[in-house]
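A structural walkthrough
Take a look at the letters that make up each chain.
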Amino acid sequence: MREITENYIDGQFCPSTGTENAPLFNPATEEQIGNVRLSAGRDVDTAVAAAKRAFPAFSNTSPGDRVLMLRRLAAAAADNADAIRKAIQEEYGAPAPFVDFTANHAGNAFLDMAAVLETYARTRNIGTTEVEMRPVGVAGAITPWNANVGFICSKLAVAVAAGTSIVIKPSEMSAMQTQVLAEALHGAGLPSGVFNIVNGSGADAGSALAAHPDIGKISFTGSTTTGQAVYRAAAATMKRVTLELGGKGAQIVLDDADLDVVVPNLLANGFINSGQACIAGTRILVPFRLLAEVEARLAAGLAEWPVGPAFDTASRIGPMVSRKQWDQVQSYIALGRIEGARVLVGGEGRPDGIERGWFVRPTLFTDVSNSMRIAREEIFGPVLSIIPYRDEEDAIRIANDTDYGLQNYVLGTNSDRLRRVARRLESGRVVINGAAHNPLAPFGGTKQSGVGREYGVFGLEAFLEPRALLI
Ligand code: TXE
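Points about unusual backbone geometry
Positive phi outside glycine occurs at Phe380, with the angle close to 65°. Looking at where Phe380 falls in the secondary structure, it is placed in the loop between helix 12 (373-376) and strand 17 (383-389).

Structure follows, in structure tokens:
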């Protein structure tokens, strides 16, 4: 059993003043593997005070110095990639490809931001006015359990690039991953107080951070409901916010699509991170003419998506993170039947041969209407809905008929048509034909998928504000 009782404040590990613990689990076995001490608001105050003390000097360091700090952070993460990988596997249970991506992303997030900072023009002239982009103030970050390590690194990277000190409240369900990462990043030797990590619950530590008067900027990734609470809390002191929230992405299969290529792509886009991904393409939009063939091919394609524990390198879908998430996915599968959708493959319960662990059966629903709750709400598991459409206009209408707008997908062969359809989709991102991840492209959503953008120069500017000198 691992006992995590410390926070990382002012350059050192120090005991939490909290009195409550939260249990940590291995989701593949349901066994409790540790506890994390939940910090009180007092610890948040201490961390914010440390960040506030560090801010004046840090915000006036040169970009060149901060590029060097980002490189040291990248090296520290890379040197500890194996330990990070192991912690993610044990505490989160993601299959190897996701774990490898995350462990590498941890270091790369710092290098990507270093590259942005190296070429970023911080000042510009408008007539005789000099405009300088200045750090927005002490930052706060709140991360979720589905990519805790990745989001700690990307939010810290942008803070360092911008010259803002930061207090991070990671997911309380990911404390072992946070601990391994914090020990690694401590080795980068940043000035004390530049980054601080406080373990705690959302209701206590998270809301204290979102409301803290000395925080100038909050970067939050999590559910839309919690994002709304963070937004409200931030309003009291006019904090700047970046909110990266839920999604219900559509994957539009155009009628000229090559199904040999498209069908594996549809499953990969839908089952990203075992379906526990805001960017997952969970609504598969198919022309009526191709419906039967796509259904058959998707069902057959599931053979390529074995479910199993992280240590089994053949696994491509891991367990849900918690009992609560397992229950949520089960209840949506039951709801889909009640709403009149047809289970093409999968269904309730665990996959055959798996007796324990929060594993679910990858499930494909067909005969789905876009008005059903399974097509409107974020299920956050490997459950996909197939929705037929009449023509291109109908596909665009269905794709946009959602409260969310994070990431959509368009798949087909005619590049002019792919772009034409993509440009009409209401989302922060549209992926055409399984295009590769671009770590410098802006990440974030429209509508209830959030506010603002992360990554690259857009992410950096979200931590800066213009100051005009009228000369
Ligand atoms: O998220 P929460 P939960 C979605 C997904 C999932 C659902 C519930 O649909 O099924 O959210 O997950 C902190 N003030 N996503 O309940 O509550 C909390 O401690 C400040 C999508 O785990 O949003 C954690 O650090 N902070 C998402 C973080 O918010 C608060 C990723 C996220 O937890 C808080 C995760 C409060 N009042 C879930 N309450 C994505 N965008 O990828 C909680 N927190």
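Section: the packing of aromatic side chains
Tallied over the entire structure, the rule returns eight aromatic pairs. A centroid spacing of 6.3 Å and a plane angle of 55° characterise the contact between Tyr92 and Phe98, whose relative ring orientation is tilted. Across this residue pair, the class does not change: Tyr92 and Phe98 are buried. The interplanar angle of 70° and the centroid separation of 5.4 Å between the aromatic rings of Phe271 and Trp305 together place this pair among those described as edge-to-face. In this pair, Phe271 is assigned in the loop between helix 9 (259-270) and strand 14 (281-287) and Trp305 in the loop between helix 10 (291-301) and helix 11 (323-339), connecting sequence segments 34 residues apart. Here Phe271 falls in the buried class, since its relative accessible area comes to 1%. We classify Trp305 as buried; its relative accessible area is 9%.

A few points about the site of the ligand
Around the ligand, the surrounding shell holds 26 residues, and the nearest of these are Thr143, Trp145, Lys169, Glu172 and Glu378. Take Ser223: an N or O atom from its side chain is 2.8 Å from an oxygen atom of the ligand. If the ligand stood free it would expose 820 Å²; the protein chains cover 87% of that surface. Across the shell around the ligand, the residue classes tally to nine nonpolar, 12 polar and five charged. Residue-level mapping places the shell around the ligand at the junction of two domains, with at least three residues from each of domain 1 (2-245 + 447-470) and domain 2 (250-432).

Some details on helix 10
Where helix 10 is concerned, the buried positions are Leu291, Val294, Glu295, Leu298 and Gly301. Projected down its long axis, helix 10 carries its buried residues within an arc of 135°, all on one side. For helix 10, the exposed residues set more than 90 degrees away from the buried face come down to Ala292 and Ala300.

Things to note about the domain arrangement of the protein chain
Domain assignment breaks the protein chain into domain 1 (2-245 + 447-470) and domain 2 (250-432). If you average the C-alpha positions of domain 1 and of domain 2, the two centres end up 31 Å apart. Taken together, the contact between domain 1 and domain 2 spans 23 residues of the former and 30 residues of the latter. Contact between domain 1 and domain 2 buries roughly 2,300 Å² in total, counting both sides, with carbon and sulfur atoms accounting for 57%. In this structure, the connection of domain 1 to domain 2 is made through two salt bridges. The partner of Lys447 in a salt bridge is Glu426, with the nearest N and O atoms 3.1 Å apart. The interface formed by domain 1 and domain 2 includes 14 residue pairs in polar contact (both at pLDDT 80 or more).

Points about the sheet that holds strand 1 (residues 2-4)
Across the sheet, three strands lie side by side as 1-5-4; this open sheet has mixed pairing. The sheet is open, and its two edges are formed by strand 1 and strand 4 (20-26), each paired on a single side. Here the average twist between neighbouring strands, direction ignored, is 25°. With seven bridges joining them, strand 4 and strand 5 (residues 31-38) adopt antiparallel strand pairing. By the bridge assignment for strand 5, Phe25 is matched with Gln32. Contacts between helix 3 (residues 81-91) and the sheet are confined to strand 4 and strand 5, with strand 4 contributing the most and set at about 95° to the helix. Sheet contacts for helix 6 (residues 175-186): strand 1, strand 4 and strand 5; angle to strand 1, the most-contacted strand, approximately 70°.

Cut-off values and rules
Residues numbered from 1 in each chain as written. Predicted model: local features only at pLDDT ≥ 70, side-chain atom pairs only at ≥ 80, totals over all residues. Heavy atoms only, no water. Helix = DSSP H or I, 4+ residues; strand = E, 2+ residues; numbered from the N terminus. Phe/Tyr/Trp six-rings, centres within 6.5 Å; stacked < 30°, edge-to-face > 60°. Buried < 20%, exposed > 50% of the residue type's maximum accessible area, 1.4 Å probe, protein only. Near = heavy atom within 4 Å. Polar contact = N/O pair within 3.5 Å; in protein donor to acceptor, adjacent residues only side chain to side chain. Areas by Shrake-Rupley, 256 points an atom, 1.4 Å probe, with all protein chains shown as cover. Nonpolar A, V, L, I, M, F, W, Y, C, P; charged D, E, K, R; others polar. Domains from an automatic or database assignment. Arc of directions from axis to C-beta. Contact = heavy atoms within 4.5 Å. Buried area = accessible area lost by both parts, 1.4 Å probe. Salt bridge = Lys/Arg side-chain N within 4 Å of Asp/Glu carboxyl O. Pairing = 2+ DSSP bridges. Axes fitted to C-alpha atoms, helices over the stretch in contact; angles between N-to-C directions.

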